[in-house]
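Each chain, written out:
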Amino acid sequence: MKALARELAVETMTRPFSGDNPALYTSLNAMVAGIPVEAWTLGEAPADAEVSA
């Protein structure tokens, strides 16, 4: 995601996916040749994260 953001000259946003899921959600928004592009990825939860069931 970071490499794509560099190529598109945009920033990424990274945050926990939700209150129940601490996995990191990274996204970007860009315009490519006049077409809106949205990309995201969901990483694995940190090893020391507490996950509620």
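Here is a short report on the structure shown in this document. (Residues numbered from 1 in each chain as written. Predicted model: local features only at pLDDT ≥ 70, side-chain atom pairs only at ≥ 80, totals over all residues. Heavy atoms only, no water.)

## Observations regarding the sheet that holds strand β1 (residues 13–16)
Then comes step 1: Across the sheet, which stays open at both edges, the three strands sit in the order β1-β2-β3 with antiparallel pairing between neighbours. Of all the strands in the sheet, just β1 and β3 (35–42) have a single pairing partner and so form its edges. Each adjacent strand pair in this sheet contributes to an overall mean axis angle of 20°, direction not counted.
Then comes step 2: As paired strands, β1 and strand β2 (residues 24–32) are joined by four bridges and run antiparallel to one another. (Pairing = 2+ DSSP bridges. Helix = DSSP H or I, 4+ residues; strand = E, 2+ residues; numbered from the N terminus. Axes fitted to C-alpha atoms, helices over the stretch in contact; angles between N-to-C directions.)

## Thoughts on the packing of aromatic side chains
Then comes step 1: A complete count under the given rule lists two aromatic pairs for this structure.
Then comes step 2: Ring plane angle 50° and centroid distance 5.9 Å describe the contact between F17 and Y25, whose orientation is recorded as tilted.
Then comes step 3: Of the residues examined, F17 reaches a relative accessible area of 36% and is grouped as partly exposed.
Then comes step 4: Relative accessible area serves as the criterion here: at 13%, Y25 is assigned to the buried category.
Then comes step 5: Through a chain of ring-to-ring contacts, the aromatic side chains of F17, Y25 and W40 assemble into a single cluster. (Phe/Tyr/Trp six-rings, centres within 6.5 Å; stacked < 30°, edge-to-face > 60°. Buried < 20%, exposed > 50% of the residue type's maximum accessible area, 1.4 Å probe, protein only.)

## Some thoughts on the pairing of β2
Then comes step 1: Here eight bridges tie β2 to β3, and the two strands are oriented antiparallel to one another. Bridged to N29 within β3 is E38.
Then comes step 2: Taking the residues that link successive antiparallel strands as the turn, the β2-β3 hairpin has two residues, and the phi of A33 there is positive, at about 50°.

## Brief notes about the environment of A30
Then comes step 1: Turning to its location among the elements, A30 is positioned in strand β2.
Then comes step 2: Considered as a pair, A30 and V10 are 20 residues apart in the sequence and their alpha carbons are 6.6 Å apart.
Then comes step 3: Apart from residues lying up to four places away in sequence, A30 is in contact with L8, V10, I35, P36 and V37. (Contact = heavy atoms within 4.5 Å.)

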